[in-house]
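# Reading the structure
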Amino acid sequence: MASHIRALLAAQSQITILDVVTRGERAVGVVGELHPDVVIVDALLQGRPGGRTVASMIRQAEPSAGIVMLTVPQNPIQEDAEHGIDTVLTMPLNGFDLLLAIRRAAEERRGQSGHGRSMVISLFSPKGGVGRTTLAFNLAVALAGDGPVCLVDGSIQFSDLRGLLRVPPTAPSMLDLPTERLREGDMSEVIWRDPSGIDVLLAPPRVEMAEMVTTSDLEKFLSLLRRMYAYVVVDTRASLDEDVLAILDGSDRILQVLAFDAMAIRSLAMARETFAAIGYSPGKLSVVLNRADTAGGIDRADVEAALGGPIDFEIVSDGRLVLAANNEGVPFVSASPDAPIAAGVRAIAASLTAGRTLPVASPVSH
Ligand SMILES: Nc1ncnc2c1ncn2[C@@H]1O[C@H](COP(=O)(O)OP(=O)(O)OP(=O)(O)O)[C@@H](O)[C@H]1O
Ligand SMILES: [Mg+2]
């Protein structure tokens, strides 16, 4: 059974098998260690406890994990979320049924449990230099008043946050995390605790190390961090490659950062067409116009027309303050809380904080 499921899931990259447990009594312990999004339980599991009991025990111990129950036609089973049966799959099954059931189980649980209310926010732009790293850092600090925050350095090659935060090259990075059986304790050991009060998961210190961080590693990091922090803010590199797509898929909100720059506007408009094709819900997407007071001859209405949607947030330009704060590696939201640029970042934070108590938009995958 396990190798059949493994074969069905091998063809795609969005779901990672964390472990296969063959004895019911070990299941709760392993689930508690690995915090999977979804557990597949064989209803005909041999020995004691049997499949139904295992499902019910997992529901008690780890309410955030969705559970798919596998059965055969001779042993029909009803869905029963209270006892850990979110979705039932009857053999024989194909890869499509399996993916759908896993996704359904994950999404149903996400909104239900306390853990599910954690929010992953990524800052995205297909064009470089628009202010993602600066805004990600300051937004993370602004959110820290509302719960624990982890900032993730998604600029894997050049590790923008190492540069910004003056981190010593010896500080551990995501590359020091185990690729198998990743636990909260491992994460806590590599996290950089910034004086600004936020935790940071750093990218590797050298460019050539970037290729050792795989897309599936990034997915695993995000899903674990989601369980550890109220907010996970991800800085990304200027691209829409496989890694960035995985980060965006795993995000509840995507802040698309833009400046009054014809090329940035054009590439973002193109990326938004992709987002629409993928099926990202409009509630997941917001546009942040950085340096909004330096239009450079471009009309705001033209920007919105090009993007096919409104600009949701505006951040003013403040070259002197940003330069000084960035050169010292301190957040301007704390160093100069009265500056208009700080108020702009706080407005984004306030809108996200307000959204956290509501059901968040669930990522639709492609
Ligand atoms: N609102 C602002 N006012 C003034 N300067 C800003 C503002 N936002 C960003 N900057 C400056 O713009 C430059 C680029 O910012 P940042 O590095 O944060 O952008 P990025 O999108 O992460 O770039 P990269 O493509 O290199 O990752 C920096 O020098 C920063 O100081
Ligand atoms: Mg950057």
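For the structure, see preceding data.
Residues numbered from 1 in each chain as written. Chains lettered and ligands numbered in written order. Predicted model: local features only at pLDDT ≥ 70, side-chain atom pairs only at ≥ 80, totals over all residues.

Regarding its fold elements, the chain presents 14 helices and 11 strands. Here the C-alpha atoms of the chain give a radius of gyration of 22 Å, agreeing with the 21 Å that 2.2 N^0.38 yields for 366 residues. By principal-axis analysis of the C-alpha atoms, the chain measures approximately 70 × 45 × 35 Å. Split into buried and exposed, the 366 residues of the chain put 42% on the buried side. When contacts within the chain are restricted to residue pairs at least 6 apart in sequence, long-range pairs at least 24 apart make up 73% of them. (Helix = DSSP H or I, 4+ residues; strand = E, 2+ residues; numbered from the N terminus. Rg over C-alpha atoms; globule rule 2.2 N^0.38 Å. Buried ≥ 20, exposed ≤ 12 C-beta atoms within 10 Å, placed from the backbone. Contact = placed C-beta atoms within 7 Å.)

This part covers the sheet that holds strand β6 (residues 192-193). Ordered by their spatial adjacency, eight strands build an open sheet running β6-β7-β5-β8-β4-β9-β10-β11, and the pairing between neighbours is mixed. Looking at strand neighbours, the two that pair on one side only are β6 and β11 (313-315), the edges of this open sheet. Pairing between strand β5 (residues 149-154) and strand β8 (residues 231-236): six bridges, direction parallel. Residue pairing across strands places aspartate 153 opposite aspartate 235, the latter belonging to β8. (Pairing = 2+ DSSP bridges.)

This brings us to the site of ligand 1. The local shell around ligand 1 holds 21 residues, among which Gly128, Gly131, Arg132, Thr133 and Thr134 are the closest. When residues of the shell around ligand 1 are traced back to their parent elements, those giving at least two are α5 (132-143) and α12 (319-328). Of the residues forming the shell around ligand 1, the biggest block, four residues, is contributed by α12. Considered class by class, the residues forming the shell around ligand 1 number six nonpolar, 11 polar and four charged. (Near = placed C-beta within 6 Å. Nonpolar A, V, L, I, M, F, W, Y, C, P; charged D, E, K, R; others polar.)

Between arginine 48 and proline 49 the backbone carries a cis peptide bond, its omega angle lying at -10°. The omega torsion of the bond from methionine 91 to proline 92 falls at -5°, within 30 degrees of zero and hence cis. Of note, proline 92 is situated in the loop between β3 (87-90) and α4 (95-112). In this structure, serine 159 is a non-glycine residue whose phi angle is positive, near 40°. Residue placement: serine 159 occurs in the loop between β5 and α6 (160-165). Here the phi dihedral of arginine 166 falls at roughly 55°; this positive angle occurs in a residue that is not glycine. In this structure, arginine 166 sits in the loop between α6 and α7 (184-190).

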